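Survey of secondary and tertiary structure
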Amino acid sequence: MTFRATDEQLAALESLVDADVYHSRSEALRAGVQQLLERHRGSETDRDDRVGSASK
């Protein structure tokens, strides 16, 4: 996978690495993708719950 970041995004990632929040930019990106996927799964579950309760 290729990821193109802006200079500002790269600087922010470097700041996280420099502050020892993440060991590398790759680790920070993986964490961000994981959060996005978890949020998306949560919104699907919420939607399914609303749809399911409406049909009862």
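Relevant structure appears above.
Structure report, in brief. (Residues numbered from 1 in each chain as written. Predicted model: local features only at pLDDT ≥ 70, side-chain atom pairs only at ≥ 80, totals over all residues. Heavy atoms only, no water.)

1. A closer look at the overall build of the protein
Secondary structure assignment for the protein yields 2 helices and 0 strands. The burial tally for the protein puts 5% of its 56 residues in the buried class. (Helix = DSSP H or I, 4+ residues; strand = E, 2+ residues; numbered from the N terminus. Buried < 20%, exposed > 50% of the residue type's maximum accessible area, 1.4 Å probe, protein only.)

2. Examining unusual backbone geometry
At D20, a position not held by glycine, the phi torsion is positive, near 60 degrees. Among the secondary structure elements, D20 is positioned in the loop between α1 (7-18) and α2 (25-54).

3. Overview of the pattern of salt bridges
All told, the structure shown has 1 salt bridge when counted by the stated rule. When the shortest N-O distance is used, the salt bridge between R25 and E14 registers 3.3 Å. Note that R25 is positioned in helix α2 and E14 in helix α1, a separation of 11 residues in sequence. Residue E14 is classed as partly exposed on the basis of its relative accessible area, which comes to 31%. (Salt bridge = Lys/Arg side-chain N within 4 Å of Asp/Glu carboxyl O.)

4. Regarding α1
Taking 1.5 Å of rise per residue, the 12 residues of α1 would be expected to cover 16 Å, and the 16 Å separating its terminal C-alpha atoms lies within 8% of that figure. Just past α1, the residue D20 takes up positive phi, approximately 60 degrees. (Expected span 1.5 Å × (residues − 1).)

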